[in-house]
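Coordinates in review
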Amino acid sequence: MQDTTIVTSSPVGQHLEKIADSSQVSYLMFNKKKINLVAKMTIGRSPDCNIVIDNKLASRLHASIQKIKDVFFIKDENSTNGTFINGRRIPNDKYVKLNPGDRITVGSVNLVLA
């Protein structure tokens with residue numbers, strides 16, 4: 001039996017395979033602290049989120065970061081005020097590839113990938 005995954009069997013997975021970059025992101029800088037990235041993380045005001053943003057401009061569940069292969073992607077979870085990468089608003093419900101040095105803005109809080 002052949003191992004088949006979404007990466008090998010779907011057009012989306014094959015596209016993600018092509019854009020995968022060898023430079024890897026391993027943590028976020030937030031409030032002068034390093035936060036190690038894991039396969040899936042949530043960002044928001046809710047205490048249930050992996051990264052809690054204490055800011056009224058942040059939604060309870062504002063955004064999520066997901067690792068696919070060795071690449072991290074961020075998705076705005078239909079937040080009220082939007083999620084920004086390097087000053088540009090990302091579309092709701094679309095995964096956007098993150099690169100080392102990207103600045104994520106949630107409310108008035110910045111997180112930097114390193």
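Shown above is the structure to which this text applies.
A brief report on the enclosed structure follows. Quick caveat: nothing in here was measured; it's all calculated off a predicted structure.

Moving on to the sheet that holds strand β1 (residues 27-30). Pairing in this open sheet of six strands is antiparallel, and the strands run β2-β1-β11-β10-β7-β8 from one edge to the other. Of all the strands in the sheet, the pair left with one neighbour each is β2 (33-36) and β8 (88-89).

Attention now goes to unusual backbone geometry. Phi at Lys-69 takes a positive value of approximately 60°, unusual for a residue other than glycine. Although it is not a glycine, Asn-86 adopts a positive phi angle of roughly 50°. Within the secondary structure layout, Asn-86 lies in the loop between β7 (83-85) and β8.

Turning to the nonpolar core, a few remarks are in order. Counting 20 residues, the largest nonpolar core has Ile-53, Ile-65 and Ile-104 as its most contacted members. For this core, the secondary-structure elements that each account for two or more residues are β1, β3 (40-44), β5 (63-68), β6 (71-76), β10 (103-106) and β11 (109-113). Looking at which element gives the most residues to this core, the answer is β11, with three residues. The contact partners of Ile-65, leaving out residues within four places of it in the chain, are Leu-28, Leu-37, Ala-39, Lys-40, Met-41, Ile-43, Phe-72, Phe-73, Ile-74, Leu-98 and Ile-104.

So, how was this worked out
Residues numbered from 1 in each chain as written. Predicted model: local features only at pLDDT ≥ 70, side-chain atom pairs only at ≥ 80, totals over all residues. Heavy atoms only, no water. Pairing = 2+ DSSP bridges. Helix = DSSP H or I, 4+ residues; strand = E, 2+ residues; numbered from the N terminus. Core = buried A, V, L, I, M, F, W, Y, C linked by side-chain atoms within 4.5 Å. Buried < 20%, exposed > 50% of the residue type's maximum accessible area, 1.4 Å probe, protein only. Contact = heavy atoms within 4.5 Å.

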